[in-house]
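Spelled out from the first residue to the last, the chains are:
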Amino acid sequence: MGVMKYISSVLVVVMVISMTPAQASKKKSWCSETVPYKMGMEKMTELHFYFHDNITGDYPTTFKIAEAPGVSNTSSTFFGELYMADDPLTVGPDPNSRLIGRAQGLFGFSAQKDLSLIMGISLVFTGNKKFNGSTISIFTRNPIANTDREFAIVGGTGYFKFARGFVTAKTYWASGKNAIVEYTCNIVHY
């Protein structure tokens, strides 16, 4: 019985070793030659919706995940606080209006002298067959004390592949760290 196991083990090893070079020669390289690529006609899509950021209250959608020791608790600008968000996006300012997606990502208070965030978020759309599962990526500074602001769109997926553009944001309502913000997205994509 031991000899059979030994022979079986040797046969398996020989088969694996003999297959490896053949499979390796069939594998593609990790890169390919760079070739010209035609993207097609650019489109511009404008979206309008409301972003609901709830840090306090019964149903928070944003949570503090880190803070700068000895700084955040004494800073008037919350400098050094870092948050993770999964905020609803709705068609109207009422939190009970139709949900069209989520704003998911990170933001941190990034200024020592004024109220300003650095944001890295994805707007994930779910409320429309055309855009369902598509995203817009935003990486930008957000001076939240200003009523009107502009954010950079740095990419996208799905319907918004190769996206670029900007978001105009206007505070609709704010109380403490909670806010409802009106977003108008001007998205250039293929």
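The preceding data block contains the structure.
Now for a description of the structure that goes with this document. (Residues numbered from 1 in each chain as written. Predicted model: local features only at pLDDT ≥ 70, side-chain atom pairs only at ≥ 80, totals over all residues. Heavy atoms only, no water.)

Here we look at the overall build of the protein
Item 1. Looking only at helices and strands, the protein features one helix and nine strands.
Item 2. Within the protein, the fraction of its 190 residues that count as buried is 34%.
Item 3. Put simply, the protein shows about 12,100 Å² of open surface, and 61% of that area lies on carbon and sulfur atoms. (Helix = DSSP H or I, 4+ residues; strand = E, 2+ residues; numbered from the N terminus. Buried < 20%, exposed > 50% of the residue type's maximum accessible area, 1.4 Å probe, protein only. Areas by Shrake-Rupley, 256 points an atom, 1.4 Å probe, with all protein chains shown as cover.)

What about the pairing of strand β6 (residues 135–142)?
In summary, the side chains of a regular strand alternate between the two faces of the sheet.
Item 1. In the sheet, strand β5 (residues 117–125) pairs with β6 via eight bridges, with the strands oriented antiparallel. By the bridge assignment, methionine 119 is partnered in β6 with threonine 140.
Item 2. Here β6 runs beside strand β7 (residues 148–157); their pairing, made up of four bridges, is antiparallel. Each bridged residue has a counterpart across the sheet, and for serine 137 the counterpart in β7 is glycine 155. (Pairing = 2+ DSSP bridges.)

Examining the pattern of salt bridges
Item 1. One pass over the structure, following the stated rule, counts six salt bridges.
Item 2. Between glutamate 42 and arginine 164 there is a salt bridge; the shortest N-O distance is 2.7 Å. Within this pair, whereas glutamate 42 is found in the loop between α1 (2–26) and β1 (43–53), its partner arginine 164 is found in strand β8 (residues 164–175), the two being separated by 122 residues in sequence.
Item 3. Through salt bridges with shared partners, a single ionic network connects Lys64, Glu67, Glu81 and Lys177. (Salt bridge = Lys/Arg side-chain N within 4 Å of Asp/Glu carboxyl O.)

Quick word on the environment of isoleucine 100
Item 1. Along the chain, isoleucine 100 falls in strand β4 (residues 99–109).
Item 2. For isoleucine 100, a relative accessible area of 13% gives the class buried.
Item 3. Leave out the neighbours within four places in its chain, and isoleucine 100 touches Phe49, Leu89, Thr90, Val91, Val124, Phe125, Thr126 and Gly127. (Contact = heavy atoms within 4.5 Å.)

Overview of a nonpolar patch on the surface
Item 1. Taken together, the side chains of Phe63, Ile65, Leu82, Met84 and Leu106 define a hydrophobic patch exposed on the protein surface, amounting to about 430 Å² of accessible area.
Item 2. On the secondary structure map, leucine 106 appears in strand β4.
Item 3. On the basis of relative accessibility, which here comes to 35%, the residue leucine 106 falls in the partly exposed class. (Patch = residues over 30% accessible without salt bridge, like charges linked within 9 Å, V, L, I, M, F, W, Y side chains within 5 Å.)

Quick notes on the nonpolar core
Item 1. Core analysis: the largest hydrophobic core is formed by 30 residues, its most contacted members being Leu47, Phe49, Leu123, Phe125, Ile136 and Tyr183.
Item 2. Taken together, the elements giving at least two residues each to this core come down to β1, β3 (82–90), β4, β5, β6, β7, β8 and β9 (178–189).
Item 3. Once residues within four sequence positions are removed from consideration, tyrosine 183 is found in contact with Leu47, His48, Phe49, Phe51, Met119, Ile121, Leu123, Phe151, Val167, Thr168 and Ala169. (Core = buried A, V, L, I, M, F, W, Y, C linked by side-chain atoms within 4.5 Å.)

Let's talk about unusual backbone geometry
Item 1. The backbone of phenylalanine 78 sits at a positive phi, close to 60 degrees, despite the residue not being glycine.
Item 2. Using a relative accessible area of 28% as the deciding quantity, one classes phenylalanine 78 as partly exposed.
Item 3. At phenylalanine 162, a residue that is not glycine, the phi angle is positive and equals roughly 60 degrees.
Item 4. Following the sequence through the fold, phenylalanine 162 ends up in the loop between β7 and β8.

Notes on the side chain of aspartate 53
Item 1. Mapping aspartate 53 onto the fold places it in strand β1.
Item 2. Of the side chains with opposite charge, arginine 149 lies nearest to the buried aspartate 53, which makes no salt bridge, at 9.0 Å. (Lys, Arg positive; Asp, Glu negative; His and termini not counted.)

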